[in-house]
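Structural characterization, general
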Amino acid sequence: MDILKKITRKRIGSLSFFLLIIYACVVLYFVLFSDRLGRVEGYSTYRYNLIPFVEIRRFILYRDYVSRGAFLLNLVGNLLVFFPVGMLVPLWRTKKTGFIRILIYTFLFTLCIETLQLVTKVGVFDVDDLLMNTLGGLAGWLCYCLALRVFRFVRARGRKKSKKKEE
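Residues numbered from 1 in each chain as written. Predicted model: local features only at pLDDT ≥ 70, side-chain atom pairs only at ≥ 80, totals over all residues. Heavy atoms only, no water.

1. Observations regarding the overall build of the protein chain
Along the backbone of the protein chain there are six helices and two strands. Relative to the compact-globule value of 15 Å for 167 residues, the protein chain shows a C-alpha radius of gyration of 20 Å, a clear excess of over 25%. C-alpha atoms of the protein chain, sized along the principal axes, occupy 75 × 30 × 25 Å. Looking at the protein chain as a whole, 29% of its 167 residues qualify as buried. Taken as a whole, the protein chain presents about 12,000 Å² of accessible surface, with 67% of it coming from carbon and sulfur. Of the charged side chains in the protein chain, 27 are positive and 11 negative, and the gap between their average positions amounts to 14 Å. (Helix = DSSP H or I, 4+ residues; strand = E, 2+ residues; numbered from the N terminus. Rg over C-alpha atoms; globule rule 2.2 N^0.38 Å. Buried < 20%, exposed > 50% of the residue type's maximum accessible area, 1.4 Å probe, protein only. Areas by Shrake-Rupley, 256 points an atom, 1.4 Å probe, with all protein chains shown as cover. Lys, Arg positive; Asp, Glu negative; His and termini not counted. Charge placed at Lys NZ, Arg CZ, Asp CG, Glu CD.)

See the structure below:
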């Protein structure tokens, strides 16, 4: 049974790593090349925001003047887009993945994307995106932890029931 657990764990890790790679490619496509996000032409200069909460505050204050889609994409979208990082990284790693490690992985992935946007002049390097994306990864990790607890509770309960039936 222990060998079966290790094999299953390795398969889950391999599958989640594969999904993480696909996810990263999709995110990079949408951030750098998507027509829908206006990424085709780019800017003539480097664009960046290094002051925390400027864009978040702007979108909240002027939410009645920007489209609902732009508002949701900027605030909620940045949270949800990095949610899978928090879910997939702990599944991929065979070792325990805690809060700090998820924080670092999500932050570094976001930093790479924001830097690519700056260097290619396709988007805006925004410190608020770093914050929101990292929070999204942490939210995904919290959901992973909750799902893991529920799974372990259900499994333990099932074992208790099967032991009672054997007696």
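Moving on from the coordinates now.
2. Points about the pattern of salt bridges
Enumeration according to the criterion identifies one salt bridge in this entry. For the salt bridge of arginine 58 with glutamate 55, the shortest nitrogen-to-oxygen distance reads 2.5 Å. Of this pair, arginine 58 and glutamate 55 are both found in helix H2 (residues 54–61), three residues apart, which corresponds to roughly one turn of the helix. Owing to a relative accessible area of 39%, arginine 58 belongs among the partly exposed residues under this scheme. When its relative accessible area of 17% is taken as the criterion, glutamate 55 is described as buried. (Salt bridge = Lys/Arg side-chain N within 4 Å of Asp/Glu carboxyl O.)

3. Quick look at the environment of valine 154
Position of valine 154 relative to the elements: it lies in helix H6 (residues 127–166). The exposed category is assigned to valine 154, whose relative accessible area is 51%. In the structure, valine 154 is positioned 38 residues away from leucine 116 in sequence and 43 Å away in space, judged by C-alpha atoms.

4. What about the packing of aromatic side chains?
Taken as a whole, this structure holds eight aromatic pairs when the rule is applied. Measuring from centroid to centroid gives 5.4 Å for phenylalanine 82 and phenylalanine 109, while their planes differ by 55°, and the two rings are tilted. Of this pair, phenylalanine 82 sits in the loop between helix H3 (68–81) and helix H4 (83–92) while phenylalanine 109 is found in helix H5 (residues 99–120), placing the two residues 27 residues apart along the sequence. Ring geometry for phenylalanine 99 versus tryptophan 141: centroids 6.0 Å apart, planes at 65°, classification edge-to-face. Placement of the pair is phenylalanine 99 in helix H5 and tryptophan 141 in helix H6, with a sequence separation of 42 residues. Given a relative accessible area of 41%, phenylalanine 99 falls into the partly exposed group. Residue classification places tryptophan 141 among the buried positions, given a relative accessible area of 13%. Through a chain of ring-to-ring contacts, three or more aromatic side chains come together here, namely Phe17, Trp92 and Tyr105. Above the face of the tyrosine 46 ring, lysine 121 is positioned so that its terminal group lies 4.6 Å from the ring centre. (Phe/Tyr/Trp six-rings, centres within 6.5 Å; stacked < 30°, edge-to-face > 60°. Lys NZ or Arg CZ within 6 Å of the ring centre and 35° of its normal.)

5. Observations regarding the state of the cysteines
Evaluation of the coordinates by the stated rule reveals zero disulfides. With no disulfide of its own, cysteine 143 lies closest to cysteine 145 among cysteine sulfurs, the gap being 9.3 Å. Assessed through its relative accessible area of 25%, cysteine 145 is described here as partly exposed. (Disulfide = S-S within 2.5 Å.)

6. Overview of the packing of H2 against H3
Running from N to C, H2 and H3 point in directions that differ by 150°, and their axes come no closer than 10 Å. Judged by the angle between their axes, H2 and H3 are roughly antiparallel. Where H2 crosses over H3, the handedness of that crossing is left-handed. Between H2, through Ile56, Phe59 and Ile60, and H3, the contact on the second element is made entirely by Ala70, Phe71, Asn74 and Leu75. (Axes fitted to C-alpha atoms, helices over the stretch in contact; angles between N-to-C directions. Parallel < 35°, antiparallel > 145°, perpendicular 65-115°, else oblique. Left-handed = near helix turned anticlockwise from the far one by under 90°. Contact = heavy atoms within 4.5 Å.)

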